[in-house]
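# Descriptive analysis of the structure
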Number of protein chains: 2
Amino acid sequence: MRVSSRDLLPRVLKGDVAAIARLLSRAEAADPECRDTLGEVYSRAGKAHVIGITGVPGSGKSTMVSVLAGHLRKAGHKIGIIAIDPSSPYSGGSIMGDRIRMSDLSGDEGVYIRSMATRGALGGMARATLDAVDILDVAGFDYILIETVGVGQDEVEIASASHTTLVVSAPGLGDEIQAIKAGILEIADIHVVSKSDRPDARSTISDLKQMLALGISLDASATWRPPVIATSSLKGEGFAELESALEKHKAFLASSEAGRTRSRKIAQFRMLKTAEDLLRIRFNERSAGRVAAMADRLVSREINPYAAGEKLIEGMGA
Amino acid sequence: MRVSSRDLLPRVLKGDVAAIARLLSRAEAADPECRDTLGEVYSRAGKAHVIGITGVPGSGKSTMVSVLAGHLRKAGHKIGIIAIDPSSPYSGGSIMGDRIRMSDLSGDEGVYIRSMATRGALGGMARATLDAVDILDVAGFDYILIETVGVGQDEVEIASASHTTLVVSAPGLGDEIQAIKAGILEIADIHVVSKSDRPDARSTISDLKQMLALGISLDASATWRPPVIATSSLKGEGFAELESALEKHKAFLASSEAGRTRSRKIAQFRMLKTAEDLLRIRFNERSAGRVAAMADRLVSREINPYAAGEKLIEGMGA
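Residues numbered from 1 in each chain as written. Chains lettered and ligands numbered in written order. Predicted model: local features only at pLDDT ≥ 70, side-chain atom pairs only at ≥ 80, totals over all residues. Heavy atoms only, no water.

## Overview of the pairing of strand 1 (residues 49-55) of chain A
Residue and element names in this part refer to chain A. Put simply, the test is: A simple rule labels every residue: compare its accessible area, found with a 1.4 Å probe on the protein chains alone, to the largest value its type can have, and call it buried under 20%, exposed over 50%, or partly exposed in between. Helix numbers and strand numbers start at the N terminus; a helix is a DSSP run of H or I with at least 4 residues, a strand a run of E with at least 2. Strand pairing is assigned whenever DSSP identifies at least 2 bridges connecting the two strands.
The buried fraction of strand 1 amounts to seven of the seven residues, a majority that puts the element mostly inside the structure. Taking every second residue as pointing to the same face, both faces of strand 1 are buried, with H49, I51, I53 and G55 on one and V50, G52 and T54 on the other. Taken together, the five bridges between strand 1 and strand 5 (residues 164-169) define a ladder with parallel strand orientation. By the bridge assignment for strand 5, I51 is matched with T164.

## A short note on the packing of helix 1 (residues 5-13) of chain A against helix 2 (residues 17-28) of chain A
Residues and elements named next belong to chain A. Rules: Working convention: axes come from line fits to C-alpha atoms, limited for helices to the stretch in contact. Angles between N-to-C directions cover 0 to 180 degrees. To sort the angles, those under 35 degrees are grouped as roughly parallel, those over 145 as roughly antiparallel, those from 65 to 115 as roughly perpendicular, and the leftovers as oblique. Note: crossing handedness is left-handed where the near helix turns anticlockwise from the far helix by less than a right angle, and right-handed where it turns clockwise. The contact criterion used throughout is that any non-hydrogen atoms of two residues lie within 4.5 Å. Under this grouping Gly is polar, as are all residues other than the nonpolar Ala, Val, Leu, Ile, Met, Phe, Trp, Tyr, Cys and Pro and the charged Asp, Glu, Lys and Arg.
Two numbers describe how helix 1 lies on helix 2: the axes approach to 9 Å, and their chain directions differ by 135 degrees. Taken together, the axes of helix 1 and helix 2 lie oblique to each other. Here helix 1 and helix 2 pass one another in a crossing that is left-handed. Where helix 1 approaches helix 2, its residues S5, L8, R11 and V12 are matched on the opposing element by A19, I20, R22, L23 and R26. When its residues are assigned to classes, the contact of helix 1 with helix 2 shows five nonpolar, one polar and three charged.

## Notes on the pattern of salt bridges
Put simply, the test is: Criterion for a salt bridge: a side-chain nitrogen of Lys or Arg within 4 Å of a carboxyl oxygen of Asp or Glu.
Taken as a whole and judged by the stated rule, the model has 32 salt bridges over all chains. R44 of chain A is the salt-bridge partner of E40 of chain A, the closest N and O atoms lying 2.8 Å from each other. Of this pair, E40 of chain A and R44 of chain A both sit in helix 3 (residues 35-44), four residues apart, which is roughly one turn of the helix. Under the relative-accessibility criterion, E40 of chain A is labelled partly exposed at 29%. Exposure remark for R44 of chain A: the relative accessible area of 40% places this residue in the partly exposed category. Two residues, D296 of chain A and R260 of chain B, come together in a salt bridge whose shortest N-O distance is 3.8 Å. Of this pair, D296 of chain A sits in helix 12 (residues 288-299) while R260 of chain B is found in helix 11 (residues 257-286), placing the two residues in two different chains. Judged by its relative accessible area of 28%, D296 of chain A is partly exposed.

## Some points on the packing of aromatic side chains
Residue and element names in this part refer to chain B. Keep this limit in mind: Side-chain rings of Phe, Tyr and Trp (the six-membered ring for Trp) are treated as a pair once their centres are within 6.5 Å; stacked means planes under 30 degrees apart, edge-to-face means over 60, and tilted covers the remaining angles.
Enumeration over the complete set of coordinates arrives at four aromatic pairs over all chains. Taken together, a centroid distance of 6.2 Å and an interplanar angle of 50 degrees make the contact between Y112 and F141 tilted. Of the two residues, Y112 sits in strand 3 (residues 111-117) while F141 sits in the loop between helix 6 (125-138) and strand 4 (143-148), which places them 29 residues apart along the sequence. With 5.3 Å between their ring centres and 35 degrees between their planes, W224 and F252 make a pair best called tilted.

## Points about helix 1 of chain A
All names here are of chain A. As a reminder of what qualifies: To be clear, the arc concerns the directions from the helix axis to the C-beta atoms.
Of all the positions in helix 1, only S5, L8, L9 and V12 are classed as buried. Here the buried residues of helix 1 occupy an arc of 120 degrees about the axis, which is enough to place them on one side. When the buried face of helix 1 is taken as reference, the exposed residues oriented beyond 90 degrees from it are R6 and D7. In the segment just after helix 1, G15 is the residue with positive phi, at about 85 degrees.

## Points about the side chain of H191 of chain A
Mapped onto the fold, H191 of chain A is located in strand 6 (residues 190-193). The contacts of H191 of chain A, once residues within four sequence positions are left out, are V167, L185, L208, L212, P226, P227, V228 and I229 of chain A.

## Side note on the confidence of the model for chain A
Should the pLDDT be low somewhere, the predicted coordinates at that spot are not to be read in detail. Residues and elements named next belong to chain A. As a reminder, the rule being used: The predictor's confidence in any single residue is recorded as pLDDT, a number from 0 to 100.
The predicted model of chain A has a mean per-residue pLDDT of 83, with 82% of residues at 70 or higher. Mean pLDDT across the elements of chain A ranges from a minimum in helix 5 (residues 95-101), with 50, to a maximum in helix 1, with 97. Residue range residues 88-97 is modelled with pLDDT below 50. Its contacts to residues more than four positions away, or to other chains, number 32 contacts. With a pTM of 0.76, the predicted complex shows an ipTM of 0.78.

## A look at the nonpolar core
Among soluble globular proteins, nonpolar side chains are generally buried collectively. Formally: Residues grouped as a nonpolar core are buried Ala, Val, Leu, Ile, Met, Phe, Trp, Tyr and Cys residues, joined through side-chain atoms within 4.5 Å.
I20 and I135 of chain A together with I20 and I135 of chain B are the most contacted members of the largest nonpolar core, which totals 79 residues. Apart from residues lying up to four places away in sequence, I20 of chain A is in contact with V12, G15, Y112, I135, L136, A139 and F141 of chain A.

## Things to note about the pairing of strand 6 (residues 190-193) of chain B
Residues and elements named next belong to chain B. Going residue by residue along strand 6, you find I190 and V192 tucked away on one face and H191 and V193 tucked away on the opposite face as well. Sheet analysis places strand 5 (residues 164-169) next to strand 6, joined by four bridges and oriented parallel. Following the sheet pairing, L166 is matched in strand 6 by I190. Here strand 6 pairs with strand 7 (residues 228-230) via three bridges, running parallel. Paired with V193 across the two strands is A230, which belongs to strand 7.

## Things to note about the side chain of S194 of chain B
Applied cut-off: Here a polar contact means two N or O atoms within 3.5 Å. Within protein one must be a hydrogen donor candidate and the other an acceptor candidate, and residues neighboring in sequence count only if both atoms are side-chain atoms.
As for its position among the elements, S194 of chain B is in the loop between strand 6 and helix 9 (201-218). A polar atom in the side chain of S194 of chain B sits 2.3 Å from the backbone oxygen of S59 of chain B.

## Let's talk about the environment of L68 of chain A
Residue and element names in this part refer to chain A. Here L68 shows up in helix 4 (residues 61-74). Placed 163 residues apart in sequence, L68 and T231 show a C-alpha to C-alpha distance of 9.9 Å. For L68, the residues in contact, after removing those within four places along its chain, are L145, L166, F239, L242 and L246.

## Some details on unusual backbone geometry
Peptide bonds are, in most cases, trans, and in most cases residues other than glycine have a negative phi. A positive phi angle, close to 55 degrees, is found at A30 of chain A, a residue other than glycine. One can find A30 of chain A in the loop between helix 2 and helix 3. With relative accessibility at 15%, the residue A30 of chain A sits in the buried group. With phi around 60 degrees, R301 of chain B is a residue other than glycine that occupies positive phi space. Checked against the element boundaries, R301 of chain B lands in the loop between helix 12 (288-299) and helix 13 (305-314). Assessed through its relative accessible area of 25%, R301 of chain B is described here as partly exposed.

Here it is, written out as structure tokens:
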């Protein structure tokens, strides 16, 4: 018999790994049955510190996350990792999760790793990820790391919806990568330049600092100046500095209006994403027939997308 | 005095570059004033062949697009390029557009290049991009190339919403990149392996063919088998083959039920994206005060995101 989400909750609160996994799957699938339980989870959550990690592909983000998790773990913290994964019929999903699982973190009960597939999620990825954060939060994890593989608009938004956002750069990446990097620098609370053991790391760091100096003049009111931390996952260097920067940012949020502002911003994002999801789910449920018929009229250009969109919304009233 | 969108339209239809640029900007900004005109544009569009191009960062996509555009141009076609760009206060946006503009396509009136910023778009990127495609279509461009820089969920969806989707791979990319690649292979109508002049290209091509063979067995009903085309932008090799593959796919769509199915799929995607945008815009307009108040209650965990989301939707009725 299927255990209800309500009955899973007490086990989740005790940190039962199997119960956590089941509730996470239901949250990811936007199963309506678990919605009330997720509401209950939300009201109990709020203790964990959430770290969003993004960066261009090839920046060594995954390895950095796994070394960072190891360091935080050694300091006695329980660590949850949510990896936002591209997935497909070819890969079967959760490549990154598998990779981390095979690393030296595996077998440690103080570390929980979950891959969230970006494809085919009923209900959006942002809503699902933030529900997953709450589940790990109430299950007793102290730090929750959200790592994104993709660097699209959605992924950047999710990495921003955290207490501390790390943006990872690395030396030796091409032009196309640099263009993507420029698009995500602004969201960083802490910049990490990984692969600092490479000979060209020094110039990457100084280039980054120069770009940031440019940005600071645009936003003189900012009270937190994002530090640039160089790490080498290979040599295990720079992680003490990174931990200390994380602690400083946490203290900054706790001691200033910035913490409250950040929480409000996350809440607002979350509320809108959840509402959008609820809308999309209703939308898909209620008007499947009309969508198909209207698509045909759109193909023949009898109507236009705005008229079709308006018509569909009209049918949305509860 | 500001020219109305309605008055811009006749000039757009004649291919007037300044008028095209202005209407594109209004479409991108989701300016309500241009909505009726965009509806009119839609009803006149449908002649152009739309090619979506995506691929992992570092695959040499931008250079490939610019060489491909040159080839199609030489065959006498007019080419529109829409580059989906990451943008930020640091970069000022449109890095890719600038780069292409500086190439040997510049100064040719038969090529129009437009960068669309992914950030801060009021109304979503997908809706804006598809409106831009229509504008270039009615302005007389024969081929419209949509190139995405990011490889997030949104970007992949946009590249799929085209008649022919190219997925670009390249030799010598790391693990993290491979993970992303696996996530986008399935959307390809044509696979391009760029940088075929590199010595390790041969193994990339055979690896790709192996992955695809795996996929084909999953979907035996498919009547189009995506070919793998090797190109070298450096040496200008493989582009005749690529053009011929594009023509074949175009003919395939025209001669089979697949073309109709594809059009219906695009129409459905577009309708939903436009409806979502209209919802989001209304949503933001109507409930700004409530959003702020509710965010505070969410921060203090008096309510949960689902309850907040439901409350917000309730207030959405027209």
